Amino acid sequence: MKTWFLAVFVLLAGCASAASPTHAPVTVVLHGQRFSVELATDNAQRQRGLMMRQSLPADHGMLFVFPRTEPQAFWMKNTLIPLDMLYFDATRQLVSMQLNVPPCRADPCPVYPSEGPARYVLELSGGTARRIGVQPGDELKIEGEIGPVR
């Protein structure tokens with residue numbers, strides 16, 4: 001019995017450590033406002049995004065980083081909170097916005113594309129971009145190390 005318990009414990013501990021972020025804390029500054037962000041730098045992290053979150057603090061978000069600058073599209077499947085999706089090009093200039101996007105309540109979920117090529121996508125709580133006065137052309141400043149992007 002102890003061996004079975006130990007095996008389950010090791011398996012669960014391994015799953016927990018595999019799910020935890022390996023990046024140092026990163027913050028971004030947009031329109032004079034600072035946000036702590038989680039990073040999504042590989043396909044698995046980008047697909048999971050902010051799914052199943054019950055809330056998102058006003059000063060937090062998720063920064064998706066892509067290996068190439070190209071049109072990006074997001075959906076809200078299994079996302080429980082409204083979000084602002086802000087699309088930035090390779091120079092970190094805001095090129096497109098999808099604001100206060102509602103959670104998807106039934107399949108098929110709508111897709112929310114960028115209006116042009118983007119390399120970075122910042123997701124914030126719905127209404128944040130309007131509240132802080134974000135405008136096309138605003139620069140996204142990234143403080144901290146992004147690490148490898150796959």
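Because the structure is predicted, anything quoted here is derived from the model rather than measured. (Residues numbered from 1 in each chain as written. Predicted model: local features only at pLDDT ≥ 70, side-chain atom pairs only at ≥ 80, totals over all residues. Heavy atoms only, no water.)

J.: Requested: an account of the nonpolar core, with residues and values cited.
T.: Counting 20 residues, the largest nonpolar core has Val-28, Leu-63, Leu-86, Phe-88, Leu-122, Leu-140 and Ile-142 as its most contacted members. Where this core is concerned, the elements lending two or more residues are strand 1 (26–30), strand 2 (33–40), strand 3 (60–75), strand 4 (83–88), strand 6 (111–125), helix 3 (128–132) and strand 7 (140–143). One finds Leu-50, Phe-64, Leu-83 and Tyr-112 within the second-largest nonpolar core, a separate group that totals 18 residues. (Core = buried A, V, L, I, M, F, W, Y, C linked by side-chain atoms within 4.5 Å. Buried < 20%, exposed > 50% of the residue type's maximum accessible area, 1.4 Å probe, protein only. Helix = DSSP H or I, 4+ residues; strand = E, 2+ residues; numbered from the N terminus.)

J.: Account for the pairing of strand 7, with residues named and values stated.
T.: A one-sided burial pattern is seen for strand 7, the buried positions being Leu-140 and Ile-142 and the unburied ones Lys-141 and Glu-143. Relative to strand 7, strand 1 runs antiparallel, the two sharing four bridges. Its bridge partner being in strand 7, Val-28 is matched across the sheet by Ile-142. (Pairing = 2+ DSSP bridges.)

J.: So what about the pattern of salt bridges? Which residues, and what values?
T.: As enumerated under the stated definition, the model contains five salt bridges in all. The partner of Arg-150 in a salt bridge is Asp-42, with the nearest N and O atoms 3.6 Å apart. Pair noted here: Arg-150 is in the segment after strand 7 and Asp-42 is in the loop between strand 2 and helix 2 (43–48), with a separation of 108 residues, a long-range link. A salt bridge links Arg-68 to Glu-70; the shortest N-O distance between them is 3.8 Å. Accessibility expressed as a relative area gives 52% for Arg-68, which makes it exposed. Residue classification places Glu-70 among the partly exposed positions, given a relative accessible area of 33%. (Salt bridge = Lys/Arg side-chain N within 4 Å of Asp/Glu carboxyl O.)

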